[in-house]
Amino acid sequence: MTDELPELRASDADREQVTERLRDALAEGRLDMAEFEERLDATYRARTYGELAPITRDLPGAAALAPHSLTKSPHVNGGWGGRIVGGEGSSAWGVAVLSGFERRGRWTVPRRFTSVALMGGGEIDLREADFAGREVVLNCFAVMGGVNVVVPPGVEVVVRGIGVMGGFDHREDGVPGDPGAPRVVVTGFAFWGGVGVQRKATRAERLRLKEERRRQKLERRDARKELGGSGEAEDTGGPDDFDDFDDFTDRDGDHGSHRDRRSRRGHRSHGDRRAERREDRTRRRHGGH
């Protein structure tokens, strides 16, 4: 981002570049979750380079982000080819006897990995792993215990295990993989236990989806603000107005009944006076007092 053009409108690519830097800072522990979310909100709210500049100014590598290019640069992405690295793998065994084990994070899956869970449990997480070959085999043996295999989206999974009073999870079996993605074969034996296979997105992908939902929410909120509160209901003579009208007519009806009663009282008084006058005339004719 340049100081010469602080009011130049920022693009989605510029905001995404800042977001990537914030993600890296969160993963490195330079930002806690509260700071990350606060800066992320500011990133999606930013409309100009001048608003984006302070968000990563105190983070290492900020100079690499500035100035932002006014043209979109190609996104560097190694894809699956970059994760098939060859070699022997960083771990070939996982054993849990009345205990547990896990293989997760950045590690290299060998061409053949063997796990044993005896009255215990284990987890084999491949979401951030590299692969020694295009096909890897996971031998899972669970006796009164369990092994859980977690694979990322796009990986092809084949399940060939046998279960006796136990079972293997076949829900992900046969799902087509992405071009160039590795193939994971899950085999072995389960007795009074089970081997589960789950497909989950990586933490970075979940963060990206969360950020996308947050961005959409902020855009909808900003759109409502720009409309000037058009979402508020207008006063068009709703139920409250009809209630007021009913109250008025009720009161008017009461006044009318009072007038009728007063009118009736007035008519009765006038009739009484006329009767009294007739009686007086009658008494005077007959010489009465």
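For the structure itself, consult the block above.
So, a few notes on the structure that sits alongside this text. Residue numbers run consecutively from 1 along every chain, following the written order of its sequence. Under the rules for a predicted model, residues below a pLDDT of 70 receive no local features and side-chain atom pairs below 80 are neither given nor counted, while totals for whole chains, interfaces and linings still include all residues. Processing note: side-chain calculations cover all non-hydrogen atoms of the structure and skip hydrogens and water entirely.

**Considerations on the sheet that holds strand β8 (residues 146-151)**
Whether parallel or antiparallel, the strands of a sheet pair through hydrogen bonds between backbone atoms. Strands were regarded as paired on the criterion that DSSP finds at least two bridges between them. Numbering goes from the N terminus for both helices and strands, where a helix is a DSSP run of H or I of at least four residues and a strand is a run of E of at least two. Read from one edge of the open sheet, five strands run β2-β5-β8-β13-β11, paired in parallel fashion. Looking at the sheet topology across the chains shown, the edges are occupied by β2 (100-103) and β11 (167-168). Where β11 meets strand β13 (residues 194-199), two bridges bridge the pair, whose relative direction is parallel. Within β13, the position partnered with Phe-168 by the bridge is Val-195.

**Looking at helix α5 (residues 203-226)**
Each residue after the first adds 1.5 Å to the expected span of a helix. For α5, which comprises 24 residues, the first-to-last C-alpha distance of 34 Å matches the rise-based estimate of 34 Å (1.5 Å per residue) to within 8%. Residue burial is assigned from relative accessible area. The probe radius is 1.4 Å, only protein chains are included, and a residue is buried under 20% of its type maximum, exposed over 50%, and partly exposed in between. All of the buried residues in α5 are Leu-207, Glu-211, Arg-214, Leu-218 and Asp-222. Residue Gly-228 follows α5 closely and has a positive phi angle near 75°.

**Some details on the nonpolar core**
Counting 28 residues, the largest nonpolar core has Val-109, Ile-124, Leu-126, Leu-138, Cys-140, Val-184 and Val-186 as its most contacted members. No other element matches the four residues that strand β7 (residues 135-143) contributes to this core. Dropping the residues within four chain positions of it, Ile-124 is found in contact with Phe-101, Arg-103, Trp-107, Phe-113, Ser-115, Leu-138, Cys-140, Val-147, Asn-148, Val-149 and Val-150. What makes a nonpolar core is a set of buried Ala, Val, Leu, Ile, Met, Phe, Trp, Tyr and Cys residues whose side-chain atoms join them at distances within 4.5 Å. Within the second largest apolar cluster, 16 residues are counted, among which are Val-18, Leu-22, Ala-25 and Leu-59. In what follows, a contact means two residues having at least one pair of non-hydrogen atoms within 4.5 Å.

**Quick notes on the packing of helix α2 (residues 33-45) against α5**
Direction vectors running N to C along α2 and α5 enclose 50°, while the axes themselves pass 10 Å from each other. Comparing the axis directions of α2 and α5 gives the class oblique. By crossing handedness, the relation of α2 to α5 is classed as right-handed. Of the residues in α5, those touching α2 at Met-33, Phe-36, Glu-37, Leu-40, Asp-41, Tyr-44 and Arg-45 are Arg-203, Leu-207, Lys-210, Glu-211, Glu-212, Arg-214, Arg-215, Leu-218, Arg-221 and Asp-222. Amino acid classes used here: Ala, Val, Leu, Ile, Met, Phe, Trp, Tyr, Cys and Pro are nonpolar; Asp, Glu, Lys and Arg are charged; the rest, including Gly, are polar. Residues of the contact of α2 with α5, tallied by class, amount to six nonpolar, no polar and eleven charged. Axis geometry follows a simple rule: fit a line to the C-alpha atoms, using only the stretch in contact for helices, then measure angles between N-to-C directions, giving values from 0 to 180 degrees. Geometric relationships in this document are graded by angle, where less than 35 degrees denotes roughly parallel, more than 145 denotes roughly antiparallel, 65 to 115 denotes roughly perpendicular, and other angles denote oblique. Crossings are sorted by hand: turned counterclockwise from the far helix by less than a right angle, the near helix makes the crossing left-handed, and turned clockwise it makes it right-handed.

So far we have only geometry, and geometry alone does not tell us how the molecule works.
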